[in-house]
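One-letter residues, chain by chain:
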Amino acid sequence: MITKIVSKNFDIPNSHKLEVALANGRYSSIDKLFSMAPDDVTAEVTASGLRGKGGGGAACGPKWELMPKNDPRPAYLIVNGDESEPGTFKDRQIFEYDPHLLIEGIICTCYAINAHHAYIYIRGEYKFFSDRLNEAIKEAYQAGIIGDKIMNKYDFKLDITVHRGGGAYICGEKSALIESLEGKRGHPRLKPHGKECEWFFDNPATVNNVETIASVPNIVENGAAGYTKYGTAKSPGTMLFAISGPVKNPGVYEMAYGNKMIDFLNILGGGMIEGKKLKAIIPGGSSCPILTAQEVEQAVLDYESMWDIGSTLGTGGMIVIDEDTSMVDVAKNLIEFYHHESCGQCTPCREGTGWIDKILEKILCGDGSSEDLNTILDVCSTMNGKTICVFAPAVKDIIESIVKKFPHEFKTYFKN
Amino acid sequence: MSSFKFTPENEVKFQEYVSRYPLIDSVMLPALWLVQEQEAWVSPEAMVYVADKLGKTPIQVYEVATFYTMFNLKPIGKHHIELCKTLSCMLCGSRDIKKYIKESIGIEPGQTSEDGLFHLSEVECLGACGGAPMFALDGVYHEKLTTQKVDELIKECKK
C-alpha cells in the first residue's frame, strides 16, 4: 500500500545530514535539471499533473506558468511550511528526515520560475524543525550546493532563507503568509479576478507547499511519466497521508492516490484501538466535511472521489473519531480552534465563529433547543462565500456537516 | 529612548536578517523573536526599540506582536508548558493531562505557578497529531504523554 517517493529516505539513519542525503540520491536531479530549459521544467511538471499538497489541490505547473516573463523585477519562491491544519503533520516529516530533498526541490523550482531567493515560511512552533532546516541549508551553502552557484558548477545564484512565523493558523493562507513575510499581521489579501501570480513587495512570487516542492525532484529526474504511473488519471502521484485519533498506528504514510480510506485506516493505521468502534472521520485536516462510518466505507483517497461523496481530500490528514466521543464535543473543540484563529478581518468570520462557539457552549450546558441548530446553520450560510479567504467557508463545511449528519447527538443535550 | 537594547550577538543576527530580505519590513517577526529569546517576553520598551530599528511606528510593531499568539506580552514562568487542546489531542486524552498538571503543579491554563517555575498555556494544534496527547515544554515537543512522562518532565525542570 505504501509508495515511497517523497518519504523514500525517511527511515535511513541520519537522513537529514548532507553526507547521508548525497549517498542516498539527493541532488541527483540537478544535472538533468540544468540540461533542460526552465520552461521545459515547468512543462514537465505540468505534464506530471502534480497538484498542490497544502489542501487545495490546485495544479502546480500552471501556477508556475503565471509568473510573468521578461519582468525586470526579481522573482521569488515562497515555500509554505506553516502547517497548522488540525490533523496535519506531514511537512514536519520532510523538515525532520529529508530537508535536503526540500532544498533540491527548491533548486528545481527556482530554476523553472527564475527565482534567485526562496523563503521557507515555517510555523513558529516548529522550532526544532526550523533549526534542523537551517542546519541543512548551512551544510548546502558550505558545500557549494546553493549560493553563488548550484553544485559549484551551474551558473545560477540561489539563496534560501527560513522565516519563522509567530503562531497564526491563518498564515497558511498564501496571501496572509506573504503579508506576514512582509512584516505585517497575517491578513489575507483580496484576490484578483483573473489568475495571476502572488506578489511579494510587488515582486512576482509563487507560493507552494513544502510537500509539493519536495515532489518536484522526482519529476525532473524521472519525467512526468515516472510520476503519472502512480495514482489516478486526475490525481496522479503520491501524497503523505496522515492518520490520528484513537487508532493503533497513528502517523504519516506515503501512498499513491486512489486507495480506499477504510483500507488506510485498517491496514496502515492498524485499525481502531482496542474496544473502540469507528464513528466518523474528518478526512483532510479539520476543514473538510466529516464522513460517517458508512461513508468512510465508500471513500477513496483522491481529489475527485472525495468531491463525489461531498467532502474534500484537503491535506490528507485524517482525524478518526470513535463511538464514545460526542459529536457536540467535537464541534465545540473545532469551533474554539476556528474562533481563536480567525484573523478578524471579515465580520462574518470573526463574529460567526464566535456565535457558533457560544451556541455550542449553550447546548453543552443543556440550555439548547432545536432552534439553536437552525441558528447554527443560518450562521454557517452567512459565512459561506462572503469573506476574503476560504477560512469561513471551511468552518461552514465542517460545522454544517457535523450538525446535518449527527443532529440526534445534539438533541440528546436538549432538556425540552 | 528605550531601555531595551539587543545584545551584541543579537545585533549581529539582526543585521544578518536585514541582509536576507528585499526590504527591512520583513525583519519584523525575526526581530520580535530575537527580543523574546533575549528577554523571554516582548515588553513595550522592546517594541519601541524594534520600531526604531525598522523605521516603523511603535503601534505598527504592537499590532504585529499582539496578532501572533506566540509572543509573550508579559513575563511568564521560567518553564513554559504549551498544551495542545485541539481535536486529535482531545480525542487521545489532553484533558486528562490538563487535569494532571492542575493536580501536580496547581496551575490552570494562563496561570504561572507560585514559585514562578511553570507557566501553562492551552494552545491550538501544534502539528503533532500522530503523537497525541502532547505539549511543548520550552518549545521542545513531548508526544504520547502519560502522567508518568509528565511527572518525569516536571521533576527534570525542578532540578
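Rules and cut-offs
- Residues numbered from 1 in each chain as written.
- Chains lettered and ligands numbered in written order.
- Predicted model: local features only at pLDDT ≥ 70, side-chain atom pairs only at ≥ 80, totals over all residues.
- Pairing = 2+ DSSP bridges.
- Helix = DSSP H or I, 4+ residues; strand = E, 2+ residues; numbered from the N terminus.
- Domains from an automatic or database assignment.
- Axes fitted to C-alpha atoms, helices over the stretch in contact; angles between N-to-C directions.
- Left-handed = near helix turned anticlockwise from the far one by under 90°.
- Contact = placed C-beta atoms within 7 Å.

Turning our attention to the sheet that holds strand S7 (residues 251-256) of chain A. All names here are of chain A. Across the sheet, five strands lie side by side as S7-S6-S10-S8-S9; this open sheet has mixed pairing. The outermost strands of the open sheet, each flanked by one partner alone, are S7 and strand S9 (291-292). As judged from the three bridges shared by strand S6 (residues 238-244) and strand S10 (residues 317-322), these two strands associate in the parallel manner. Within the sheet, the bridge partner assigned to Ser244 lies in S10 and is Ile319.

Turning our attention to the domain arrangement of chain B. By domain assignment, chain B separates into domain 1 (8-67) and domain 2 (79-158). A straight line from the C-alpha centre of domain 1 of chain B to that of domain 2 of chain B covers 29 Å.

Residues and elements named next belong to chain A. Two elements in contact, helix H3 (residues 38-48) and helix H6 (residues 99-113), have axes separated by 7 Å at closest approach and are oriented at 115 degrees. As H3 runs across H6, the sense of the crossing is left-handed. Taken together, the residues of H6 that come into contact with H3 (itself represented by Pro38, Val41 and Thr42) are Cys108, Tyr111 and Ala112.

Moving on, we come to the sheet that holds strand S1 (residues 75-81) of chain A. Residues and elements named next belong to chain A. Pairing is mixed in the open sheet, where five strands are placed in the order S3-S2-S1-S5-S4. The two strands at the open ends of the sheet, each matched to only one other strand, are strand S3 (159-164) and strand S4 (198-200). Across the sheet, the mean angle from the axis of one strand to that of its neighbour is 35 degrees, orientation sign disregarded. Pairing analysis gives three bridges linking S4 to strand S5 (residues 203-209), with the strands arranged antiparallel. Paired with Glu198 across the strands is Ala205, a residue of S5. Taken strand by strand, helix H7 (residues 127-142) contacts strand S2 (115-122) and S3, and its axis lies near 165 degrees from that of S3.

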